[in-house]
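Letter by letter, the chains look like this.
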Amino acid sequence: MRIALNIKRTLIVLVGVLILITGYIYFVTPKQIVYHSYQWVIDPSDDSKLVGWAENVFIGKVNSQTGNKTRIGTPETQFSVEVLDNIKGKLDGTITVNQQGGIEQGKLYLFENDKMLEVGKTYLFITRYSKEENWHTLVPSYGDILIQDEMQKKSLMDRFINAHRTQIPFTSNQ
Amino acid sequence: MMKSRKIRFLLLLTFALLVLSLTAVAADVHSLGYNSVDANEIRWGGSNYYSSNRTTAIANWNSLNHINIAPDDAWHVEDLTFSDVNLSDVTWTGRYTHTPIGADKIEINNYYLNSDGDPERTNTFLHELGHALGIGDHDSSQYSSIAMYYVQTSITSPQSHDIVDYNNLWAP
């Protein structure tokens, strides 16, 4: 009798855990995600190459989302960002940062699984400017590093100041 | 009492193994989990400026025999559409997009290909077609000499690890 009761209790706990996991996946995951897989022109895990490719590396705070634009068939999302510290290049005031990806017709488009920027948060940005669009496009995943605290900010700045010193300017892969 | 503990332990062990096996499947990054293949074929449409590099890349995947990549015609539904773009503010040379409905897309960024050599151009087409075949990116530097390495190289045909991944997906 007692054994049966224990098995029943364990089964109830297991079923409960499974329901919680399934519920979490169902509610947290968007209904339809469109993934892009792409080939990089530089090795983004190499800071010197990444900074060498970029025009600007800076710390900035996301003030608001300012737009959505579909470029070559996929959504891109624009944010108003206040520049706090420059590491490469000289930006000041508030600029438009463009993130490839966004939501269109209920579908979430993700580039390299890069999470969408969050308003009010501060990031280290690695970007290139588009004259046609007048925005600074960030490098997915590697070019929008969330800053959690002052210590991490200092360590990130040291890392990328050093990468700027040792940068490998981008040339074609020929 | 002992029997009850044993049964409870076995139930927990089964549950843990189930969770572990699900995690292992999710971590198999060499397969994308989606592709553009329809009845052992990829029927493609669209156009590219560097069409000869596309032709070479298609021929090199077709030499592996299991999936036929062929131009679209009146009798087939288009599975994959090629096009060119010219973007200087992005880090990609080529991009594969899988959509649940309609043809998937391969976009080639001529901003970079215009200054590339012939092998690098072929490599970009080969790599993106690898995605259309369902093979994922390989980020580790140990794979820097294969077609599916995540950064552009001068590799122009599938290498032994690419062939293993291809056969895992498509060999009968």
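Given the structure is predicted, the values throughout are model-derived calculations rather than measurements.

Procedures and definitions
- Residues numbered from 1 in each chain as written.
- Chains lettered and ligands numbered in written order.
- Predicted model: local features only at pLDDT ≥ 70, side-chain atom pairs only at ≥ 80, totals over all residues.
- Heavy atoms only, no water.
- Salt bridge = Lys/Arg side-chain N within 4 Å of Asp/Glu carboxyl O.
- Buried < 20%, exposed > 50% of the residue type's maximum accessible area, 1.4 Å probe, protein only.
- Helix = DSSP H or I, 4+ residues; strand = E, 2+ residues; numbered from the N terminus.
- Expected span 1.5 Å × (residues − 1).
- Arc of directions from axis to C-beta.
- Contact = heavy atoms within 4.5 Å.
- Polar contact = N/O pair within 3.5 Å; in protein donor to acceptor, adjacent residues only side chain to side chain.
- Domains from an automatic or database assignment.
- Core = buried A, V, L, I, M, F, W, Y, C linked by side-chain atoms within 4.5 Å.
- Pairing = 2+ DSSP bridges.
- Axes fitted to C-alpha atoms, helices over the stretch in contact; angles between N-to-C directions.
- Buried area = accessible area lost by both parts, 1.4 Å probe.
- Nonpolar A, V, L, I, M, F, W, Y, C, P; charged D, E, K, R; others polar.

Novice: Honestly, the pattern of salt bridges in this entry has me stumped. Any pointers?
Specialist: Side chains bearing opposite charge may pair, as long as their charged atoms lie close to each other. Counted by the stated rule, this structure contains twelve salt bridges over all chains. Lysine 121 of chain A serves as the salt-bridge partner of glutamate 118 of chain A, at 3.2 Å between the closest nitrogen and oxygen. Residue classification places glutamate 118 of chain A among the partly exposed residues on the basis of a relative accessible area of 40%. The closest approach of N and O atoms between glutamate 41 of chain B and arginine 43 of chain B, which form a salt bridge, is 3.1 Å. Via salt bridges that share partners, Arg71 and Glu76 of chain A together with Asp89 of chain B belong to a single interconnected network.

Novice: So what exactly am I meant to see when it comes to helix α3 (residues 150-165) of chain A here?
Specialist: Side chains three or four residues apart in an α-helix point the same way, a direct result of the helix having 3.6 residues per turn. Residue and element names in this part refer to chain A. Taking 1.5 Å as the rise per residue, α3 with 16 residues should run 22 Å; its terminal C-alpha atoms sit 22 Å apart, in good agreement. Of the positions making up α3, those classed as buried are Lys153, Leu156, Met157, Phe160 and Ala163. Mapping the buried residues of α3 onto a view down its axis gives an arc of 125°, with all of them on the same face. Exposed residues on α3 whose side chains face more than 90 degrees from its buried face are Met151, Lys154 and Arg165. In this structure, the buried side of α3 is in contact with α2 (47-53), β2 (56-71), β3 (74-88), β7 (122-130) and β9 (144-146). Two or three places before methionine 151, at the opening of α3, aspartate 149 has a side-chain oxygen 3.2 Å from that residue's backbone nitrogen.

Novice: Looking at this structure, I do not really get the domain arrangement of chain A. What am I missing?
Specialist: Often, the extent of an interface is quoted as the loss of accessible area on bringing the components together. Partitioning chain A into structural domains gives domain 1 (2-30) and domain 2 (47-165). One C-alpha centre belongs to domain 1 of chain A, the other to domain 2 of chain A, and the line joining them spans 40 Å.

Novice: I would appreciate a short explanation of unusual backbone geometry in the present structure.
Specialist: Apart from glycine, the bulk of residues carry a negative phi angle, and the bulk of peptide bonds sit in the trans form. With a phi close to 40°, isoleucine 72 of chain A is a non-glycine residue in the positive phi region. In this structure, isoleucine 72 of chain A sits in the loop between β2 and β3. With a phi close to 80°, asparagine 65 of chain B is a non-glycine residue in the positive phi region. By relative accessible area, asparagine 65 of chain B is classed as exposed at 65%.

Novice: Any chance you could explain the nonpolar core here in plain terms?
Specialist: One recurring pattern in soluble globular proteins is that nonpolar side chains are buried together. Grouped together as the largest cluster of nonpolar side chains are 58 residues, with contacts concentrated most on Leu124 and Phe160 of chain A together with Trp61, Leu80, Leu129 and Leu133 of chain B. Once residues lying within four places of it in the same chain are set aside, the contact partners of leucine 124 of chain A are Val57, Phe58, Ile59, Ile87, Gly143, Asp144, Ile145, Ile147, Leu156 and Phe160 of chain A. Membership of the second largest hydrophobic core comes to twelve residues, among which are Val62, Phe79, Val81 and Leu91 of chain A.

Novice: For this particular structure, what's the right way to read the pairing of strand β5 (residues 104-109) of chain B?
Specialist: Regular strands place side chains that alternate from one sheet face to the opposite one. Residues and elements named next belong to chain B. Counted residue by residue, β5 has five buried out of six residues, so it is predominantly covered. With six bridges joining them, strand β3 (residues 80-85) and β5 adopt parallel strand pairing. Considered in β5, the bridge of aspartate 84 is made with isoleucine 108. When strand β4 (residues 92-97) meets β5, the two strands line up antiparallel, connected through four bridges. Of the residues in β5, the one forming a bridge with arginine 95 is glutamate 107.

Novice: Before we go on, may I ask you to explain the sheet that holds β5 of chain B in this structure?
Specialist: Each strand in a sheet pairs with another by means of backbone hydrogen bonds, the pair being arranged parallel or else antiparallel. In space, the eight strands of this open sheet follow the order β5(A)-β6(A)-β1(A)-β4(B)-β5(B)-β3(B)-β1(B)-β2(B), with mixed pairing throughout. At either margin of the open sheet sits one strand with a lone partner, and together these are β5 (102-104) of chain A together with β2 (68-71) of chain B. Across the sheet, the mean angle separating the axes of adjacent strands is 25° when strand polarity is ignored. Sitting on the sheet, helix α2 (residues 51-62) of chain B touches β1 (41-46), β2 and β3 of chain B, and the angle it makes with β2 of chain B is about 145°.

Novice: Please clarify how the interface of chain A and chain B should be interpreted in this entry.
Specialist: Counting from both sides, the interface comprises 42 residues of chain A and, opposite them, 44 residues of chain B. Contact between chain A and chain B buries roughly 3600 Å² in total, counting both sides, with carbon and sulfur atoms accounting for 56%. Of all residues in chain A, Ser37, Gln39 and Ile72 of chain A bury the most surface against chain B, accounting for 21% of the area lost on that side. Counting the contacts that link chain A with chain B gives one salt bridge. At the level of secondary structure, the elements contributing two or more residues to the side of chain A that touches chain B comprise α1 (2-28), β1 (33-40), β7 and β8 (135-138) of chain A. Sort the elements by how many residues they give to the side of chain A that touches chain B and α1 of chain A lands first, with nine residues. By residue class, the composition of the side of chain A that touches chain B is 22 nonpolar, 15 polar and five charged. Summarising the sheet, β1 of chain A and β4 of chain B pair through five bridges and their orientation is antiparallel. Residue tyrosine 38 of chain A lies in a different strand from β4 of chain B, and its bridge partner there is arginine 95 of chain B.

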